Every structure is written in C-alpha cells, then in structure tokens.
Amino acid sequence: MGIKIVGAGMYLPEKVVANEDFEKIVDTSNEWIVKRTGIKKRHLSQGEYTFDMGLKAAREALKNANMDATEIDLIIVTTVTPDFYFPSMANVIQGRLGAKNAFGIDIACACAGFVYALDMAQRYIDSSDDIENVLIVSSENITKTVDYKDRSTCVLFGDGAGAVVVKKGPNKAYSYLGCDGEYADILYAHLYPSGNYFADEETNRKNKSIFPNETGRYMYMDGPAVYRLAVDFMVSSLEKACEKAGIKPADLDIIIPHQANVRIIETAIRKLSILKERVYVNIENTGNISSACIPVCLTELFKSGRLKENNRVGIVGFGAGMIYGAMVFSV
Ligand code: UT7
C-alpha cells in the first residue's frame, strides 16, 4: 500500500518585487542577493488572506485531479502564518471548498510542513478504511513576519500556496522526519505578546523575552547558523529516507529541496553526489515561501511535463525549530 499524487495546484500573488526594489529601501544590491541566495524576484501578498491563497491552489489541484471537493476525506493545511488563532485554516478551506465529507487538521511544521503533511497523508491512508483521498494545502503569508528594515531577512521571502490531492496508490513512500528544539532560538517569530487585562506590565514584558533577541512581531534569524544546520539536516534526512526505500539519493529521478538559498541546495547535493540536472530549483522566481515551496515546485514540474509516470521523487525540507524531513515516493 502506498500513495499517489493525482493533482497539483499553486497560487502566487500578482505583486512581484524584484531585487532592484530592495536597493531603494535597504543597503543591498541585486548582485549581492543573486550571488548569496540565487533569488531574483518574489511574489508578495497584498493583504490577501492565507486561507484564500490556499483555496486558489486547492481549487486548481482538485481540477487537475479531475475531482470534486466532496470526494475529499481529509484536508491537511500546513502554515506558520495563519489568519486566525482559531478556527483552523483547514476548517475555513473545507467550508469554502464545500468539502462536506472531509475533516481538517492544521500543522505548523515551518518550512518542512509539506513533507510532514505528505507523511501524515500516507499514514492516514494506510491505517484507515475510511480515508482514501487527502487534500494537502500549504499556504504562507510569511512576509507578514518580515521586517523590511532588516536587509539580512527581507530579501529572502515571498508568499504563495501550493496544494496536492493524494490517493491510495501502488507504491509505498518512505520518510524520515526529525527536529531539534535546542535550536528553536536561531529562527523564530513571536505571536502577539501574551497578557490580559489583569496582567501587569512586568508580566507582559517577561512573556515577550523568552528568546535572547527581541524583535517584536518580526522574524529573528541567525542566517549563518541556520545555513550550516540546513545543509547537515538535508543531507542526513534524504540519506535516511532513501535508505528506508532501499535506494541511494543519486538513484532519484527528481529531487525537490526546500527553496531557502541556492547555495544551501548546491552544497547539499554535492555532499549527496546527486547530479545537478536532477534537482529542481525555482527560487530565483519565488524566494523562500516556507512550506509552500515544495508543492509549488511539484505543480510546476507536473505542468511542464517533466515528471514522468513512475519517476522516483525525493523531497527534503528544513525550517524553524529546527525541523527537518525527507520523503521518497513515485509519481
Ligand atoms: O527556510 C529556512 C530559513 N532560512 C534560511 O534557510 C536561510 C539560511 N541562511 C542563509 O541563506 C544565509 O545565511 C543568508 C542569505 C541569510 C546570509 O548569507 P551569508 O553568506 O551567510 O552572509 P552573512 O550573514 O555571513 O553576512 C555577510 C555580510 C554581512 O556584512 P559584514 O558583517 O560582513 O559587513 C551582512 O551584514 O553580508 C551582509 N548582508 C548583506 N549585504 C547586502 C546581509 N544581508 C545583506 C543584504 N545585502 N541583503
């Protein structure tokens, strides 16, 4: 027993911001951004809701799967930038899609979210008789956590959504997931400060500073520390997922890594002895869209016809937590 992706969809906001646009607001240059990250432009939401971007991607995925929303049994939404504390994004998307036979779950696994969701989808499909069709929606408004005065982070991120429909399939997928919370303080963005009418100022202040660097509602990132760990986690998790599948990373037909920095990807694939031509990279057009990166890449690959029946695909992600994971499956 295994899984098969039968449809994929994506949505990127209309507003495109080029590297040159950042030259006007922070001390940076197109040359620095391209050389150090591989990014040339990114799509930024203009106050669009996270659920709404996800909904657009989900509708396209259903259409490409030739399925009606009522056929979906489970919706898994991955996001670290939801619109609400509650209800869940999955519930809102379920309602708007009219997926009346589905239940929904949100997961917050940062940039590794899609890998975790695909792993969950297979586990649900394998272990239950009443779940056959799973819709995964990864939608991120990550730029709402970005400080556009901080040149070391603002140039890196974009917004968008990707979605896939997963069904029972003939080929088992193999995954390796992990996290190391000791590194939670190298990449984070606080929710609103906790507190209530009866809490005094001092209590509110303490609650704001559990991590060493106070950045208010904006993201904090120790870029070089994330970079080093990202390479190690990507290499080890893809190796371990492949080991479970009885293959080597070099045997994969297509590898879709999380799109955070082209240099991270290049270093990891060198260590894994993977041919560059087998690695899909779209970071120059999207920047880092957190958990939406991998399903957007998958959609582009399906659309371009580059993914062929029975191709072996490896996906590998990492993100704030630090969290990481890889999955190997056939299309
Ligand atoms: O989804 C997971 C989340 N994030 C990541 O995976 C990001 C991981 N980290 C990275 O991709 C890289 O560390 C960055 C792209 C963030 C930074 O690249 P780096 O090569 O590690 O540069 P650095 O942080 O070591 O900084 C080198 C220099 C510094 O200047 P000084 O101190 O040498 O004078 C920075 O202030 O580059 C400077 N710098 C910039 N210069 C121009 C940092 N950002 C910029 C910028 N434009 N946008």
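Structure report, in brief. (Residues numbered from 1 in each chain as written. Predicted model: local features only at pLDDT ≥ 70, side-chain atom pairs only at ≥ 80, totals over all residues. Heavy atoms only, no water.)

Our next topic: the nonpolar core. Ranked by size, the top nonpolar core spans 46 residues in total, and within it Val226, Leu238, Leu252, Ile264, Ile274, Phe318 and Met322 carry the most contacts. Those elements giving two or more residues to this core turn out to be helix 8 (223-245), helix 9 (262-271), strand 12 (312-319) and strand 13 (323-330). When residues of this core are assigned to their parent elements, the largest contribution, 11 residues, is made by helix 8. Every residue in contact with Ile274, bar those within four places of it in the chain, is listed here: Leu238, Pro249, Ala250, Ile255, Ile269 and Val279. If you look at the next biggest cluster of nonpolar residues, it comprises 36 residues, including Val115, Ala117, Ile136 and Ile315. (Core = buried A, V, L, I, M, F, W, Y, C linked by side-chain atoms within 4.5 Å. Buried < 20%, exposed > 50% of the residue type's maximum accessible area, 1.4 Å probe, protein only. Helix = DSSP H or I, 4+ residues; strand = E, 2+ residues; numbered from the N terminus. Contact = heavy atoms within 4.5 Å.)

A contiguous nonpolar patch, built from Tyr85, Phe86 and Leu191 and spanning about 440 Å² of accessible area, is present on the exposed surface. Mapping Tyr85 onto the fold places it in the loop between strand 4 (74-78) and helix 4 (89-97). On the basis of relative accessibility, which here comes to 57%, the residue Tyr85 falls in the exposed class. (Patch = residues over 30% accessible without salt bridge, like charges linked within 9 Å, V, L, I, M, F, W, Y side chains within 5 Å. Areas by Shrake-Rupley, 256 points an atom, 1.4 Å probe, with all protein chains shown as cover. Salt bridge = Lys/Arg side-chain N within 4 Å of Asp/Glu carboxyl O.)

What follows is about helix 4. The complete set of buried residues in helix 4 reads Met89, Ala90, Val92, Ile93 and Leu97. All buried residues of helix 4 fall inside an arc of 165° around its axis, so they share one side. (Arc of directions from axis to C-beta.)

The mixed open sheet is built from four strands, whose spatial order is 8-13-12-11. Two strands bound the open sheet, and with one partner strand each, they are strand 8 (174-179) and strand 11 (254-257). When strand polarity is set aside, the average angle formed by the axes of neighbouring strands in this sheet is 10°. By the bridge criterion, four bridges tie strand 11 to strand 12 in an arrangement that is parallel. Note that in strand 12 the partner of Ile255 across the bridge is Gly314. Each of strand 8, strand 11, strand 12 and strand 13 touches helix 8; the most contacted strand, strand 13, lies at about 35° to it. Packed on one face of the sheet, helix 11 (residues 293-304) meets strand 11 and strand 12 and runs near 145° to strand 11. (Pairing = 2+ DSSP bridges. Axes fitted to C-alpha atoms, helices over the stretch in contact; angles between N-to-C directions.)

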